[in-house]
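# Structural features, examined
These are the residues of each chain, in order.
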Amino acid sequence: MGDKDKLILDEPVEEGVKTYSKKHGKKHKGYLQVPWYFAGGIVLFWGLLFVGVVKPLFYRLPEPLTVEDASKGVFIAERARANLYDFQAIGTKVVGSDGNEHKTVEFLLKELNLIKDNIQEDLFDMEIDLQHAYGAYVKWNLVNMYQGIQNVVVKLTPKASTSENYILVNSHFDSQPTSPSTGDDGHMVVSILEVLRVISSSRVPFEHPIIFLINGSEENSLQASHGFIAYHKWAKNCKAVINLDAAGSGGRELMFQSGPNYPWLVKIYKEGAKHYFSTTMAEEIFQTGLVPSYTDFDIFVEYGNLIGLDIGQCINGFVYHTKYDRIDVIPTAALQNTGDNLLGLVRTLSNATELRDISANPTGNTIFFDVLGLYLISYSADVGVKLNYAVAAATIILIYLSVLRIAEKSNVDSEQIQSNFILVLVVQIIAFVLAVALPLLVAYGLDKYGLSLSYFATPSLLVGLYVCPSLLGLTLPSYIYLKLKNTDKVSFAQQVQLILHGHAAVVAILCIAINYYGLRTTYVITWTLVFYVIPLAFNLITTLHDRGYSWTGILKVIQVAPFMYNSYLFYCFIVILTPMMGRFGVDTNPDLYIGGLTALGAILSMGFLILLVNMSRRSGLVLFGLLAVAAASVYIASSTDIGFPYRPKTNVQRVPYLQVRRVFYEYDGTVSKDESGYLFNFQDRRGVTPLLESNVDLTGLVNMTSDCAKYMMCGMPLYDHRWVEAMEYTMWLPRKNPVWTPAEPILTLLNKTIQADSNTVRFEFELQSPDHTSIFIQPYEDVTVSSWSFLAEYLTTNSPPYHIYYSFGIDDTPLRFYIELKKLNRDFTVPLFQLGVSAQYMHVDGDEEAIRMAKSIPDYAVSIQWPAMYKKYIF
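Please read all numbers here as calculations on a predicted model, not as lab measurements.

### Examining the overall build of the protein
- Regarding its fold elements, the protein presents 23 helices and 23 strands.
- Against the 2.2 N^0.38 benchmark of 29 Å for 875 residues, the protein shows a C-alpha radius of gyration of 32 Å, consistent with a compact globule.
- Based on the C-alpha atoms only, the size of the protein along its principal axes is roughly 115 × 70 × 55 Å.
- By the burial criterion, 60% of the 875 residues in the protein qualify as buried.
- Residue pairs at least 24 apart in sequence account for 80% of intrachain contacts in the protein once pairs closer than 6 positions are excluded.
- Summed over all atoms, the accessible surface of the protein reaches about 34000 Å², with 57% contributed by carbon and sulfur.
- Computed over 68 positive and 82 negative side-chain charges, the separation of the two mean positions in the protein equals 9 Å.

### What about the state of the cysteines?
- Enumeration according to the criterion identifies 1 disulfide in this entry.
- C572 supplies the cysteine sulfur nearest to C314, a cysteine that is in no disulfide, at a spacing of 5.9 Å.
- Residue classification places C314 among the buried residues on the basis of a relative accessible area of 6%.

### Some points on helix α11 (residues 414-448)
- Between its first and last C-alpha atoms α11 spans 50 Å; for 35 residues at 1.5 Å apiece the expected length is 51 Å, and the two agree.
- One side-chain oxygen of the residue at the start of α11 lies 3.0 Å from the amide nitrogen of E415, identifying that residue as D413.
- Just past α11, the residue G450 takes up positive phi, approximately 70 degrees.

### Regarding the sheet that holds strand β17 (residues 760-768)
- In space, the 4 strands of this open sheet follow the order β16-β17-β21-β19, with antiparallel pairing throughout. Each of the sheet's edge strands pairs with one partner strand only, and the pair in question is β16 (746-754) and β19 (784-788). Strand-to-strand twist across the sheet, computed as the mean angle between neighbouring axes with direction ignored, equals 25 degrees.
- Summarising the sheet, β17 and strand β21 (residues 815-822) pair through 8 bridges and their orientation is antiparallel. Counted as the bridge partner of V761 is L821 from β21.

### Re the packing of aromatic side chains
- Tallied over the full model, the rule gives 49 aromatic pairs.
- Measuring from centroid to centroid gives 4.9 Å for F45 and W46, while their planes differ by 85 degrees, and the two rings are edge-to-face.
- We classify F45 as partly exposed; its relative accessible area is 44%.
- W46 sits in the buried class, given a relative accessible area of 4%.
- Against the face of W140 rests K139, its NZ or CZ located 5.4 Å from the ring centre.
- Sitting over the ring of W732, R662 keeps its end group 5.3 Å from the ring centre.

### So, the nonpolar core
- Core analysis: the largest hydrophobic core is formed by 137 residues, its most contacted members being Y466, L500, F680 and L698.
- Considering every element that reaches this core, the biggest residue donor is helix α16 (residues 560-580), with 14 residues.
- Setting aside its immediate chain neighbours within four residues, F680 contacts V655, P656, Y657, L698, L701, T730, M731, L733 and M853.

### So, the confidence of the model for the protein
- Residue-level pLDDT values for the protein average 94, and 96% of them are 70 or greater.
- Counted against residues more than four places away or in other chains, residues 1-31, with its pLDDT under 50, gives 57 contacts.

### Some points on the pattern of salt bridges
- The full count for this structure, using the stated rule, is 26 salt bridges.
- Among the ionic pairs, D125 bridges to K159, the shortest N-O distance being 2.6 Å. Here the residue D125 occupies a position in strand β3 (residues 124-139), and K159 occupies one in the loop between β4 (142-158) and β5 (166-172), the gap between them amounting to 34 residues.
- Residue K159 is classed as partly exposed on the basis of its relative accessible area, which comes to 43%.
- Ionic pairing is found between E675 and R662, a salt bridge with its closest N-O pair at 2.4 Å. You can see E675 sitting in strand β13 (residues 671-680) and its partner R662 sitting in strand β12 (residues 653-665), a full 13 residues away along the chain.
- Owing to a relative accessible area of 2%, R662 belongs among the buried residues under this scheme.

### Points about helix α17 (residues 590-610)
- Along α17, the sharpest change in direction is near 45 degrees and occurs at L604.
- Burial analysis of α17 places 18 of its 21 residues in the buried class, which makes it a mostly covered element.

### Looking at the packing of helix α6 (residues 264-272) against helix α9 (residues 332-349)
- Interhelical geometry of α6 versus α9 gives an angle of 130 degrees and a closest axis separation of 8 Å. Between α6 and α9, the interaxial angle falls into the category oblique. As for how α6 packs across α9, the hand of that crossing is right-handed. Each of W264, L265, I268, Y269, E271 and G272 in α6 lies in contact with α9, whose residues at this interface are N341, G344, L345, T348 and L349.
- Each residue belonging to the contact of α6 with α9 can be placed in one class, and the counts come to 6 nonpolar, 4 polar and 1 charged.

### Some words on the pairing of strand β23 (residues 861-874)
- Within β23, 13 of the 14 residues are buried, which leaves the element mostly enclosed by the surrounding structure.
- In this structure, β12 lies alongside β23, joined through 12 bridges in parallel fashion. Within β23, the position partnered with P656 by the bridge is I864.
- In this sheet, β23 lies alongside strand β22 (residues 833-840) in antiparallel orientation, the contact comprising 7 bridges. Considered in β23, the bridge of G836 is made with K872.

### Considerations on a nonpolar patch on the surface
- A contiguous nonpolar surface patch, about 470 Å² in accessible area, is contributed by V385, Y389, I396, I512 and Y516.
- Ranked by the residues each element gives to the nonpolar patch, the list is headed by helix α10 (residues 381-409), at 3 residues.
- With respect to the helices and strands, the residue I512 is situated in helix α13 (residues 492-517).
- In this structure I512 comes out as partly exposed when scored by relative accessible area, which is 32%.

### Let's talk about the environment of I396
- Inspection of the secondary structure puts I396 in helix α10.
- With 161 residues separating them in the primary sequence, I396 and A235 have C-alpha atoms 53 Å apart.

### Here we look at the pairing of strand β8 (residues 253-259)
- Burial within β8 is extensive, with 7 of its 7 residues counted as buried.
- Judged from the 6 bridges that link them, β8 and strand β9 (residues 307-313) form a sheet pairing that is antiparallel. Residue S258 lies in a different strand from β9, and its bridge partner there is L309.

### What about unusual backbone geometry?
- Between G259 and P260 the backbone carries a cis peptide bond, its omega angle lying at 5 degrees.
- With omega at 0 degrees, the peptide bond leading from P800 into P801 counts as cis.
- Turning to its location among the elements, P801 is positioned in the loop between α22 (792-797) and β20 (802-808).
- If you check the backbone angles, N411 has positive phi at about 55 degrees while not being a glycine.
- Examined against the element boundaries, N411 turns out to sit in the loop between α10 and α11.
- According to the relative accessible area criterion, N411 is exposed, its value standing at 62%.

### Brief notes about the environment of I76
- Positionally, I76 belongs in the loop between α1 (37-58) and α2 (77-89).
- The buried category is assigned to I76, whose relative accessible area is 0%.
- A sequence separation of 119 residues divides I76 from V195, and the C-alpha atoms of the two residues are 8.9 Å apart.
- In contact with I76, other than residues within four places in its own chain, are L65, T66, V67, D69, A70, E194 and Q336.

Rules used in this analysis
- Residues numbered from 1 in each chain as written.
- Predicted model: local features only at pLDDT ≥ 70, side-chain atom pairs only at ≥ 80, totals over all residues.
- Heavy atoms only, no water.
- Helix = DSSP H or I, 4+ residues; strand = E, 2+ residues; numbered from the N terminus.
- Rg over C-alpha atoms; globule rule 2.2 N^0.38 Å.
- Buried < 20%, exposed > 50% of the residue type's maximum accessible area, 1.4 Å probe, protein only.
- Contact = heavy atoms within 4.5 Å.
- Areas by Shrake-Rupley, 256 points an atom, 1.4 Å probe, with all protein chains shown as cover.
- Lys, Arg positive; Asp, Glu negative; His and termini not counted.
- Charge placed at Lys NZ, Arg CZ, Asp CG, Glu CD.
- Disulfide = S-S within 2.5 Å.
- Expected span 1.5 Å × (residues − 1).
- Polar contact = N/O pair within 3.5 Å; in protein donor to acceptor, adjacent residues only side chain to side chain.
- Pairing = 2+ DSSP bridges.
- Axes fitted to C-alpha atoms, helices over the stretch in contact; angles between N-to-C directions.
- Phe/Tyr/Trp six-rings, centres within 6.5 Å; stacked < 30°, edge-to-face > 60°.
- Lys NZ or Arg CZ within 6 Å of the ring centre and 35° of its normal.
- Core = buried A, V, L, I, M, F, W, Y, C linked by side-chain atoms within 4.5 Å.
- pLDDT = per-residue confidence, 0-100.
- Salt bridge = Lys/Arg side-chain N within 4 Å of Asp/Glu carboxyl O.
- Bend = angle between axes of the 7 residues up to and from the residue.
- Parallel < 35°, antiparallel > 145°, perpendicular 65-115°, else oblique.
- Left-handed = near helix turned anticlockwise from the far one by under 90°.
- Nonpolar A, V, L, I, M, F, W, Y, C, P; charged D, E, K, R; others polar.
- Patch = residues over 30% accessible without salt bridge, like charges linked within 9 Å, V, L, I, M, F, W, Y side chains within 5 Å.

Written out as structure tokens, the structure reads:
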């Protein structure tokens, strides 16, 4: 290089500064950026931090205690596990079965009497009550009616207590068909038994009587909890509930609902629980209905006006409601985790002064969240609203001050810098949109080609499918902007800082918008901003703000906190929601939810950090790397067995279907249809495709669209409200031989009475049917149902066809009911209404042909099926 071609610097070159040679009057881009490996190091360091610290904290469980520790008055996981073995050995516990109504009840009563034999009799009274509940209520647009449902109820009362306010601790012992219910909800049942054993045998006092309810019909539309809260003698005194359920098996339990509207309950959780796992975000997601599950907590709140805490197992939901929900997937340490928390919560709540007069306590919602399971932060929603606005405002103000400082130090007019920042803001808005849109585009594309749920058994694919596209979208616009931008005097380091400011401004605007909308989950964004505001304020106060890349030092140190929390939080929801996507229905693309959630997690965890790759001389390599990983992941998901969603035992496809015989009787009693087949209700997006690709013989399979348009309730024995909601997506596989059922429902017309001088006719029936039966009623166009023996309120709030979901436990007495109908012309000699009986025979496997059908299902899937019969009558 000749002398006249050398870059002559009139002032010391600051790293990343664009400089001019006054001698030549020529502009030079002196991009003295950090080495190329810095960018890769950013991604690698934070990835290792997640794998090495965040994930171990997420899965951390306490050391299980043994009977040798029993003298300490603590929860003994070894004893609970022994009970769980016995509970599992009973087998399935479907309402109405011998396993549920006799064997499990006998097991519970035996254990409770053993506990009663060892209580501190001078301190406590213990009463055991076996309730047989009868009743009905309206939920999910149907009448839930139950008969002889059993509840095992225990009351533990301090002899010195004068309190009339009880706390309720609830779980359930019944199961879904095919499941031994070891995790859902045997884990919680044995935890209750052990907590009762510890409390009643120790000399630790408490103020308020405790009701332990182990109910016998939760899987049946939450019927047993209604039976208790509406009819049990102790129910009226129950004021607060700790509800225990499961949508997973073998990990930490999540406290996902509190209140409603009583913040002191979160204080109880904070004081009583030993191992925190809770977040407002879970509460709001659950209450949107996104989670395809329900708990007894809703019944206690709606019908008993109770307040409390809703707690559930949520990890490894792949085995939920399947035959693989067994003790081998439940580590003893998980029982210890639950037991430690439950024992602490029961002791704390049973001594709560707030229970003396609940109405005297402050009301309102609460923001709460655990920090990596180590600590719980909580504050009122009102404080949260103010904090959200304050942090967003502080962010914007500090960004403005920083922009002015950059203008001052760069000898650039402040208006010019502000104009530049507006352009940066636009760039970062585009970046934010791309960061969300690219993962959603991948999700849409995979689903379009029938490749949804490719991450179901291989969650690491989420990194390439959704995290990398999100980070690429977040970084690409600023990369292009900085390559094209020609700023004469503003150093490259300050330009990178402006990029981060733009991202912070976008997040602050989002914070304001979501806070205005009223979501308490805004706290996640607020605390993400807090850890940007702190280093920014520090840098402004000191000279680090103006010294090249020095401002990044404190930023990177402080960003450890939001990275660890946000990655922990969103990983939590990925772990919880991914198995649920396997039962999310065929009509919804679950990848949009998982992709969007993953994208938000990436933005909030890595948003400020990934933008620092622009400091590197070879930042484009990082972008290329992200693109390459995303492309490779799409290829793996679409073209290899790794992307196949299902695995035997661990990540199974659920294949629910009914062995159906349906018989249609006309008005004159003749049979117009008598056919048999299999009614499939596929629960995941891939539906029947995997079975067809596995060469399962489904010749003749058709959808039910035409039948649903032609017949009441598709002319099928739809099992419960979920089957009704999905009926238009069900599929029918006819078979030649009639389906065998162990019996047939028998509907007897006892009486038909035309009321004198009235336009009303009354039909009286007796129905002999199995323990799970639905009754469908559809009056013809000029006929209305004016009264019946079921709940009258249902007729005023719902339109035909009417659905009565009826089940019984220990009492199989035939059901008697009446229906009164009105017809203005009083012509009751013509057809007035249709009545369908949907009978479910859930305790048998079926005939040989049905068993062969079940055995043809591949081992990566589980069949959940039983015989059912549907009879349609016209009266």
